[in-house]
Amino acid sequence: MAAKPSGLPVEAPESRNRHGESRPSHTGPAIVARVVSEPSEFSAICSAAESGSMEEALRLFESVRNPGSFLWNAMIRGYAGCGRYEDAIGFYWKMQVLGVRADRFTYTFVIKSCSASLLTEEGLKCHGALVKVGLHSDVFISNSLIVMYSEFGEIDSAERVFNEMPLRDLVSWNSMVRTYVSSGKRGKALSCLRSMRNTSSLEPDRIGIITALKACSTETYPKQGKEIHCYALRHGYGSDSRVCTSLIDMYCKSGNMISAERLFQCRFSRSVVTWNALIYGYTSNNHPSESLGCIIRMQYDDVKPDAVTMVSLLPSCSQLSNLSQGKSIHGAALRRGFLPHLVLETSLVDMYAKCGDLTSAERVFSQMTERNLVSWNTMINAHIHNDQNLEAVELFLDLQEKSLQPDIYTISSIANPCLCCKIWYSSNTFILNSIIYLYAKCGDLRTSRRIFEGMLCRDTVSWNAMIMACAIHGEGSSATELFSRMQRDGPQPNGSTFVSILSACSISGLADEGWMYFNLMQQKYGLSPQIEHYGCMVDLIGRTGDLDFALSFVERIPLVPTARIWGSLLAASRKSKRIDVAEAAAEKIFPLKHDNTGCYIILHNLYTDLGRWDDAEKVRSSMQNHGLLRTTARSVVELDNKAYCFINGDKSHAEASLTHEVSDLLSKKIGEAGEVPSAAFNVQEALAQKKNSPCQHSVRLAVCFGLISSSPGTPVLVKKNVRICDDCHLAIKQISEVCRRHITVGDSRIYHHFKEGSCSCGDYW
DNA sequence: GTAGGGTTAG
């Protein structure tokens, strides 16, 4: 228990009332003091808090001498209940300071406040406190934690809580399924549901059904959706309004409007939400007339539309270019008092813009009392839709001044190549420069080049960006050609230009050229090399394999070497298997403030390569002791504007078994050594080994999925968050040959272009 | 007195 600040009442040896409240013992003068929480006072505080009259509740609460956990909880719950989450958390802290013991109820209210207000740090602190007091395995608390981590987007943490629960109930499973759905892992959600039915005696209840339906509300799982429908009927939920609404929504989102409409006609009580689900279904499946037809149908059903109805109807007006219908919905929304309403106003902006009435769109936008990123993006798009590209860019620049961070939607509309074509005749060099690099970073060097070549006015940054773009794609010679062009008819190179060109030389292994530029920058341009330039040189020398020279070069750098410098040396020593240099470099890196995960991994792998298992194990445990987790490797392949993300051994995708089969098949075809002879002691270990076998690596799965999901001969682009391993690099080279495909893999540093059995990086990365 | 649930915008 925390020490009590002085001056606060100290509890006397206690007796407990029926609420578990402590009372001072009634001896001596204490008898005249207020007795703690009389039942009437008690219920007054509770009902004030419950109804959200927090000022009243607080006034009553403060008059109580020794409020116990129950009353504190009532206050916290009250604040959380009316959305005053920070006050709720503040109350919890106050409770801690005063030494009042927080119990399981306190924590559920506090966790809910943290998740609702996305106060991640508070949430983590709270979880820490729970572990300390040993309440973390309480089923209610664990369930709240799962939801909290889900809200934070920390799926791994939610999973960890779930896996560590000694006992799970329906709520736990539903929460986990929901977590997977909201993070886009529908396959995992469904397999979670299956394992609930296989490993426990639990059966989904109505909430479970609704949650499960969310998992198959997409075109990918029509069969599972129908199965849940049958299950719901068998278990007597056929006339449950909410279950039916979810079913209708599921059919709509699976694109099956016939089943949705058939179910809609069944006997159950249709609420406005049911109508909205159907209306939105028609809208999103491109049946605008049916959608708008519901306005009349609803009247016969005696259901009044609400703001969501309007939001669901408006896209149909745009689809039909029916401005007057849109205007009449706007009028109805005003008459019914639905405005202001963030989502509805955003939909109105979109509708007006798509119906060609940009003036009305701008009027609605300018009158909005609240705007978020979606509304800004809608307005930016509104201009683009109406061929006002410069206005869109201006709005984009306005957005930069707000505290809102542009997201992929913002960038994709503003970086539209068509927009680029139009604006590069004006003087938006600033924007085009970032777009050049953006495209290259996304793997599309061709578009970067097109934009660069189309620019009328190129400044130093444009050249630097284009040279760096070539560098990360391993096009060293294009980079040096650009540099010559720049010297001939471009602006004067600066320090950053040399970072770009030196990177290009080191990535493409142009050692002599690299040294030439390193001298040139000093002798011709009078630039003294900065730490970044030295970093490029260490990479360049490291690549030649002369580690002794690299080490002496680092030691002679006239500036303080950073973790990046030592990191380059460490990476280079792995390639040459120079453990002495690696150890020396690691020794320098670890004391520096730096994310050392990668360094541990390199050192660990180097020891493994050399068969020094004990040392490898020491590195692994030291990494663990520093609380560092190996970054989960993820690879993403984009198909038809949709990103498919894989982790090692990933089986959560729709085409998982086919992908794995193709990966195994290709592995055999290229003559890859089979699985490591199994030294596994049990099934789990054997499975873990299989998962770690290179042909199950995330990048391999993403490449195979890309190959089977696209037409023969077309290129495949995969991006991954960590560097590609030797095995996969070799394998993908060969796969590019046997499949006759150009395969591009962008890792955390550079792009590898695999073509006809070789890679643009020259096998050094 | 605690945890999970139906529709909506770019």
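Only a predicted model underlies this, so the values are computations on that prediction, with no experimental measurement involved. (Residues numbered from 1 in each chain as written. Chains lettered and ligands numbered in written order. Predicted model: local features only at pLDDT ≥ 70, side-chain atom pairs only at ≥ 80, totals over all residues. Heavy atoms only, no water.)

Draft legend 1. Spotlight on the state of the cysteines. Throughout the structure, instances matching the rule amount to zero disulfides. Between C294, a cysteine without a disulfide, and C252, which holds the nearest cysteine sulfur, the sulfur-to-sulfur distance is 9.6 Å. (Disulfide = S-S within 2.5 Å.)

Draft legend 2. Quick look at the packing of aromatic side chains. Scanning all chains against the criterion turns up 25 aromatic pairs. When the centroid spacing of 5.0 Å and the interplanar angle of 85° are considered together, the rings of F61 and W72 count as edge-to-face. With a gap of eleven residues between them, F61 in helix α2 (residues 54–62) and W72 in helix α3 (residues 69–81) connect regions that are remote in the sequence. Exposure class is identical for F61 and W72. Each is buried. Their ring planes at 55° and their centres at 4.9 Å tell us that Y644 and F705 sit as a pair that is tilted. Residue Y644 is found in strand β4 (residues 642–647), and its partner F705 is found in helix α39 (residues 698–708); the two are separated by 61 residues along the sequence. Relative accessible area serves as the criterion here: at 22%, Y644 is assigned to the partly exposed category. Taking relative accessible area as the criterion, F705 reaches 6% and is therefore assigned buried. (Phe/Tyr/Trp six-rings, centres within 6.5 Å; stacked < 30°, edge-to-face > 60°. Helix = DSSP H or I, 4+ residues; strand = E, 2+ residues; numbered from the N terminus. Buried < 20%, exposed > 50% of the residue type's maximum accessible area, 1.4 Å probe, protein only.)

Draft legend 3. View of the layout of surface pockets. Taken as a whole, the second largest pocket holds about 1,100 Å³ of empty space. Taken together, 32 residues form the lining of the second largest pocket, with C442, D444, E638, L717 and K719 sitting closest to its centre. Counting only elements with at least two residues in the lining of the second largest pocket, the list comes to α23 (408–414), α25 (429–441), α26 (445–454), β3 (634–639) and β5 (716–720). Considered class by class, the residues forming the lining of the second largest pocket number 15 nonpolar, eleven polar and six charged. When residues of the lining of the second largest pocket are assigned to domains, at least three map to each of domain 2 (389–625) and domain 3 (634–669 + 689–759). (1 Å grid on protein atoms, 1.4 Å probe; cavity = no way out; pocket = protein on both sides within 12 Å on 5 of 7 lines; lining within 4 Å. Points joined across faces, edges and corners; volume = space filled by probe spheres on them. Nonpolar A, V, L, I, M, F, W, Y, C, P; charged D, E, K, R; others polar. Domains from an automatic or database assignment.)

Draft legend 4. Highlighting the packing of helix α37 (residues 656–669) against α39. Between α37 and α39, the least distance of the axes is 9 Å, while the angle of their chain directions is 105°. In terms of axis orientation, α37 runs roughly perpendicular to α39. Mapping the contact onto sequence places L658, T659, H660, V662, S663 and L666 in α37 and R700, L701, C704, F705, L707 and I708 in α39. Looking at side-chain class alone, the contact of α37 with α39 contains eight nonpolar, three polar and one charged residues. (Axes fitted to C-alpha atoms, helices over the stretch in contact; angles between N-to-C directions. Parallel < 35°, antiparallel > 145°, perpendicular 65-115°, else oblique. Contact = heavy atoms within 4.5 Å.)

Draft legend 5. Seen up close, the pairing of strand β6 (residues 743–746). Side-chain alternation along β6 places I743 and V745 on one buried face and T744 and G746 on a second face that is also buried. Taken together, β5, helix α40 (residues 726–738) and β6 form a β-α-β motif whose crossover is right-handed. Across four bridges, β6 lies against strand β7 (residues 751–755) in antiparallel orientation. When the bridges of β7 are listed, V745 appears paired with H752. Between β6 and β7, which follow one another and run antiparallel, lie four residues. (Right-handed = clockwise from strand over helix to strand, strands pointing away. Pairing = 2+ DSSP bridges.)

Draft legend 6. A look at the environment of L628. In this fold, L628 is placed in the loop between α36 (613–625) and β3. L628 gets classed as partly exposed once you look at its relative accessible area, which sits at 24%. On a C-alpha basis, the gap between L628 and Y600 in space is 9.3 Å, while along the polypeptide they are 28 residues apart.

Draft legend 7. The arrangement of the sheet that holds β7 in detail. Spatial ordering of the open sheet is given by β4-β3-β5-β6-β7-β8, a layout of six strands whose pairing is mixed. Each having just a single partner strand, β4 and β8 (758–759) make up the two edges of the open sheet. Across six bridges, β3 lies against β4 in antiparallel orientation. Bridge assignment links E638 to a residue of β4, and that residue is A643. Packed on one face of the sheet, α40 meets β6, β7 and β8 and runs near 40° to β7.

Draft legend 8. The arrangement of the pattern of salt bridges in detail. If you walk through the whole model with that rule in mind, you get 28 salt bridges. Between R84 and E55 there is a salt bridge, with its nearest N and O atoms 2.9 Å apart. Of this pair, R84 sits in the loop between α3 and α4 (85–97) while E55 sits in helix α2, placing them 29 residues apart in sequence. Using a relative accessible area of 29% as the deciding quantity, one classes R84 as partly exposed. (Salt bridge = Lys/Arg side-chain N within 4 Å of Asp/Glu carboxyl O.)

Draft legend 9. How the structure looks around the UniProt feature "repeat: PPR" (unreviewed entry) in chain A. The feature "repeat: PPR" (unreviewed entry), as given by UniProt, occupies residues 68–102, 138–172, 271–305, 372–406 and 459–493 in the numbering adopted here. Overall, residues 138–172 shows 74% helix and 0% strand. The separation of its end C-alpha atoms is 11 Å. Spanning residues 271–305, this segment combines 74% helix with 0% strand, and its end C-alpha atoms are found 10 Å apart. (UniProt positions renumbered as here; feature names shortened; annotations may be inferred.)

Draft legend 10. The packing of helix α11 (residues 206–215) against helix α13 (residues 241–253), seen in detail. Where α11 contacts α13, the axes come no closer than 9 Å and their chain directions differ by 10°. Classified by the angle their axes make, α11 and α13 are roughly parallel. Side by side, α11 and α13 meet where R206, I209, I210 and L213 of the first sit next to R242, V243, S246, L247 and M250 of the second. Partitioning the contact of α11 with α13 into residue classes produces six nonpolar, one polar and two charged.

Draft legend 11. Expanded view of the nonpolar core. Membership of the largest hydrophobic core comes to 217 residues, with the highest contact counts inside it found for M75, Y107, L344, L569 and V745. Apart from the residues lying within four places of it in its own chain, the contact partners of L344 are A307, M310, V311, L314, A333, F338 and L339. (Core = buried A, V, L, I, M, F, W, Y, C linked by side-chain atoms within 4.5 Å.)

Draft legend 12. A look at the protein's contact with DNA strand B. The full set close to DNA strand B counts 48 residues, and N73, N174, R206, Y280 and N377 are the nearest of them. Of all DNA strand B atoms lying within 4 Å of any protein atom, the proportion belonging to sugar or phosphate reaches 40%. Measuring from a phosphate oxygen of DNA strand B, one finds a side-chain N or O atom of K253 at 3.0 Å. In the model, a base nitrogen of DNA strand B is placed 2.7 Å from a nitrogen or oxygen of the S271 side chain. Here the element with the most residues in the surface near DNA strand B is α13; it accounts for six residues. (Near = heavy atom within 4 Å. Polar contact = N/O pair within 3.5 Å; in protein donor to acceptor, adjacent residues only side chain to side chain.)

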